Amino acid sequence: MYYIIFFFGFLLSLLPLRIHYVFSDLLYVFIYKLFSYRTDIVRKNLTTSFPEKTPAELKQIEHRFYHWFCDYLVETVKMLSMSKKQIKKRMKFDGIEQINNELRQGHSITVYLGHYCNWEWVTSLGLHIPPGTKAAQLYHPIENKAIDRLFLYSRSRYNACCLEMKEAFSILREWKQKKVPSVTGYISDQVPGYNSMHYWPMFLNHDTPAYTGAERIARILDTPVYYFDIYRPKRGYYTIKVTKICDEPNKLPKFSITEQYYRLLENSIRRSPEFWLWSHNRWKRTREEFNALFSEEERKRILNKL
């Protein structure tokens, strides 16, 4: 099944990107206008995140979100054959020298980003860092084995390592012991399981359970921490502005790095809200459910894990 999907996906990816955007415009009609893909979740998320906006403003964001989402889908297919020269032209890293200077000094780096703009193309970071260093990203295996293998192929094409979450820390620690500098990306705006609800920032007008794994690893490995703020100046082009969060994570209060990440991500989303993944049911788990599931002693144990 993998080879069948890969064969047809690769053939499709060979088409020029401008043709992919024609497909994207057609997808928009099918996904949004005809099948209303997750429109109930998108509308609920937008309404509760932006109570100050009018219905007309929310509707405009909704339309723009679905246009961008369809672009994201075809851009992801295009990755199967996009050359290194092409992706370096379309995905820019503004301020990458900050990271490269630290890598040359032997430091490893922790990078936060969100499901914002095209996070798949961020895997081209490996083309911009010094030889002898590693670019990596954490990932959750996809249930469909063929699709999972396809994404691993695509995400590894530009000198990036895909680290499964359960193995990531041991691999990063091994690189550190062998003095191999690395820069590792964490997409940390997903919904954690109840046993991983260690911190609750306010995010887009919601009391939000947050993943804190990136902060825990940054503290243990003592890495500088950055945020990738992604802009989309025009269709098919992205620019990442590299922003430092801190140099020495262990000198900061508990959860302050996670809090700063959510503030930066919220600023990005408020600037251009159509580029965030609103179809994700981000707030399906609540603090009330968390409190009902665990005793006060158990909640304290979970919340004090960092």
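Everything in this summary refers to the structure shown in the same document.

1. Quick word on the overall build of the protein chain
- Along its length, the protein chain carries 12 helices and nine strands.
- Taking 19 Å as the expected radius of gyration for a compact globule of 306 residues, we find that the protein chain reaches 20 Å, a close match to that expectation.
- With the C-alpha coordinates aligned to their principal axes, the bounding extent of the protein chain is approximately 50 × 50 × 35 Å.
- Counting the 306 residues in the protein chain, one finds 50% classified as buried.
- For the protein chain, contacts bridging at least 24 residues in sequence account for 79% of all contacts bridging at least 6.
- Element-wise, carbon and sulfur atoms account for 55% of the exposed surface of the protein chain, whose accessible area totals about 15,000 Å².

2. Overview of the pairing of strand S5 (residues 182–187)
- Where burial is concerned, most of S5 is hidden: five out of the six residues are buried.
- Pairing analysis gives five bridges linking strand S2 (residues 109–113) to S5, with the strands arranged parallel. Note on S5: the bridge partner recorded for Val111 is Gly185.
- In terms of strand pairing, strand S3 (residues 134–139) meets S5 through four bridges, oriented parallel. Counted as the bridge partner of Gln137 is Gly185 from S5.

3. Observations regarding the state of the cysteines
- The tally for this structure, following the rule as stated, stands at zero disulfides.
- Looking at the unpaired Cys117, the closest cysteine sulfur is the one in Cys70, lying at 15 Å.
- Residue Cys117 is classed as buried on the basis of its relative accessible area, which comes to 0%.

4. As for the nonpolar core
- By size, the foremost hydrophobic cluster in this structure holds 75 residues, and its most contacted members are Trp68, Ile99, Val183, Phe228, Ile269 and Trp278.
- Considering every element that reaches this core, the biggest residue donor is helix H4 (residues 55–78), with nine residues.
- In contact with Phe228, not counting residues within four places along its chain, are Phe93, Ile99, Val111, Tyr112, Leu113, Val122, Leu125, Ile240, Lys241 and Val242.

5. Notes on the layout of surface pockets
- What the second largest pocket holds in volume is close to 200 Å³.
- Forming the boundary of the second largest pocket are 15 residues, of which Gly106, His107, Ser108, Lys176 and Asp222 lie nearest the centre.
- Counted by class, the lining of the second largest pocket contains five nonpolar, four polar and six charged residues.

6. Things to note about the packing of helix H1 (residues 2–13) against helix H7 (residues 145–155)
- Here H1 crosses H7 at 50°, and the two axes come no closer than 9 Å. With respect to H7, the element H1 is oriented oblique. Taken as a pair, H1 and H7 cross one another with a handedness that is right-handed. Residue-level inspection shows Tyr2, Tyr3, Ile5 and Phe6 of H1 in contact with H7, the latter providing Ala146, Ile147, Arg149, Leu150 and Tyr153.
- Looking at the contact of H1 with H7 residue by residue, the classes come out as eight nonpolar, no polar and one charged.

7. Brief notes about a positive patch on the surface
- On the surface, a cluster of positive charge is made up of Lys85, Lys88, Lys89, Lys92 and Lys234.
- With three residues, the top contributor of residues to the positive patch is helix H5 (residues 84–90).
- Inspection of the secondary structure puts Lys89 in helix H5.

8. Points about a nonpolar patch on the surface
- There is a patch of nonpolar side chains on the surface, built from Leu12, Leu15, Ile19, Val22, Phe23, Leu26, Val29, Phe30, Leu34 and Phe35 and spanning about 880 Å² of accessible area.
- Of the residues forming the nonpolar patch, the biggest block, seven residues, is contributed by helix H2 (residues 17–34).
- Among the secondary structure elements, Phe30 is positioned in helix H2.

9. With respect to the pattern of salt bridges
- All told, the structure shown has 21 salt bridges when counted by the stated rule.
- One salt bridge in this structure joins Glu248 and Lys251, with 3.1 Å as the shortest N-O distance.
- Overlapping salt bridges bring together Asp25, Asp71, Glu75, Arg232 and Arg235 as one network.

10. Thoughts on the environment of Tyr227
- Following the sequence through the fold, Tyr227 ends up in strand S8 (residues 225–234).
- You can call Tyr227 buried: its relative accessible area is 2%.
- Spatially, the C-alpha atoms of Tyr227 and Lys85 are 25 Å apart, while their sequence positions differ by 142 residues.
- Excluding residues within four positions of it along the chain, Tyr227 makes contact with Tyr112, Leu113, Lys241, Val242, Thr243, Ile245, Tyr261, Leu264, Leu265 and Ser268.
- Within the local environment of Tyr227, its side chain forms a polar contact with the side chain of Ser268, the two groups lying 2.7 Å apart.

Scoring rules and cut-offs
- Residues numbered from 1 in each chain as written.
- Predicted model: local features only at pLDDT ≥ 70, side-chain atom pairs only at ≥ 80, totals over all residues.
- Heavy atoms only, no water.
- Helix = DSSP H or I, 4+ residues; strand = E, 2+ residues; numbered from the N terminus.
- Rg over C-alpha atoms; globule rule 2.2 N^0.38 Å.
- Buried < 20%, exposed > 50% of the residue type's maximum accessible area, 1.4 Å probe, protein only.
- Contact = heavy atoms within 4.5 Å.
- Areas by Shrake-Rupley, 256 points an atom, 1.4 Å probe, with all protein chains shown as cover.
- Pairing = 2+ DSSP bridges.
- Disulfide = S-S within 2.5 Å.
- Core = buried A, V, L, I, M, F, W, Y, C linked by side-chain atoms within 4.5 Å.
- 1 Å grid on protein atoms, 1.4 Å probe; cavity = no way out; pocket = protein on both sides within 12 Å on 5 of 7 lines; lining within 4 Å.
- Points joined across faces, edges and corners; volume = space filled by probe spheres on them.
- Nonpolar A, V, L, I, M, F, W, Y, C, P; charged D, E, K, R; others polar.
- Axes fitted to C-alpha atoms, helices over the stretch in contact; angles between N-to-C directions.
- Parallel < 35°, antiparallel > 145°, perpendicular 65-115°, else oblique.
- Left-handed = near helix turned anticlockwise from the far one by under 90°.
- Patch = residues over 30% accessible without salt bridge, like charges linked within 9 Å, V, L, I, M, F, W, Y side chains within 5 Å.
- Salt bridge = Lys/Arg side-chain N within 4 Å of Asp/Glu carboxyl O.
- Lys, Arg positive; Asp, Glu negative; His and termini not counted.
- Charge placed at Lys NZ, Arg CZ, Asp CG, Glu CD.
- Polar contact = N/O pair within 3.5 Å; in protein donor to acceptor, adjacent residues only side chain to side chain.

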